[in-house]
Amino acid sequence: MVATFAIEIILALYVLFRYHMTTIMRLIVAALTSLALFQVSEYFVCGGLGADGATWSRIGFAAITMLPPLGLHILQVMTGNPSRKLVAAAYGTMAGFMAYFLIAPNAFVGHECTGNYVIFQIGNSPATFYGAYYYGWLLTALIIGFNNLRSNKFSKKVGAQITALMVGYLVFLV
């Protein structure tokens, strides 16, 4: 967790200082920072930096909740035809789940700190809705990405970037 956190923070800083800050670069830095925040939350769920495991669980879930809308937004910028309504809907649902995880007193039913991994536990009903949110936006991005690739209207470089994003999504899902 610590090594992954360090790699993600280093990559975020590298992008931040190496490249001109375009919309896509800002989104990439936000995604890497969200991933890093999740890793540090996972590490500290056993208690750390003056916060208990429940607080770190909240922070970790809020961090990973950002990933599907950020990925969709990155894809929309890559393809050059961002659907503002779709991206806004993704960010709107993201904000709702983040608020729930950060504020709702019973958002988590427990967490467990073991030697090799951490378990975050949310209730069955919230888990069902969250799964629909998370995987729904991932599948939406995959469908949009594949449809854009089939159109074959992109340069080889952009097509390769879209393909890389789609492969990353598929590897994550598998």
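About the cut-offs
Residues numbered from 1 in each chain as written. Predicted model: local features only at pLDDT ≥ 70, side-chain atom pairs only at ≥ 80, totals over all residues. Heavy atoms only, no water. Core = buried A, V, L, I, M, F, W, Y, C linked by side-chain atoms within 4.5 Å. Buried < 20%, exposed > 50% of the residue type's maximum accessible area, 1.4 Å probe, protein only. Helix = DSSP H or I, 4+ residues; strand = E, 2+ residues; numbered from the N terminus. Contact = heavy atoms within 4.5 Å. Expected span 1.5 Å × (residues − 1). Polar contact = N/O pair within 3.5 Å; in protein donor to acceptor, adjacent residues only side chain to side chain.

(A) Just the nonpolar core, in detail. In this structure, Phe101 and Tyr130 are the most contacted members of the largest nonpolar core, which totals 42 residues. Secondary structure elements with two or more residues in this core: α1 (2-18), α2 (23-44), α3 (53-65), α4 (67-79), α5 (84-103), α6 (124-151) and α7 (156-173). With eight residues, α6 is the largest single contributor of residues to this core.

(B) Examining the environment of Tyr134 more closely. Secondary-structure assignment places Tyr134 in helix α6. Along the backbone, Tyr134 and Met66 are 68 residues apart, and their C-alpha atoms lie at a distance of 9.5 Å. What Tyr134 contacts, discounting residues up to four positions off in sequence, is Ile64, Leu67, Pro68 and Phe172.

(C) Seen up close, α6. A rise of 1.5 Å per residue sets the reference length of α6, with its 28 residues, at 40 Å; its end C-alpha atoms lie 40 Å apart and thus fit the reference within 8%. All buried positions along α6 are accounted for by Tyr130, Gly131, Tyr133, Tyr134, Trp137, Leu138, Ala141, Leu142, Ile144, Gly145 and Asn148.

(D) Structural view of the environment of Trp137. Positionally, Trp137 belongs in helix α6. When sequence neighbours within four positions are dropped, the list of residues in contact with Trp137 reads Pro68, Leu72, Leu86, Ala89, Ala90, Thr93 and Ala132.

(E) The side chain of Asn148, seen in detail. Relative to the helices and strands, Asn148 resides in helix α6. Since its relative accessible area comes to 8%, Asn148 is described here as buried. Among the polar contacts listed, one links the side chain of Asn148 to the backbone oxygen of Ile144, at a separation of 2.8 Å. The contact partners of Asn148, leaving out residues within four places of it in the chain, are Thr79, Asn81, Lys153 and Phe154.

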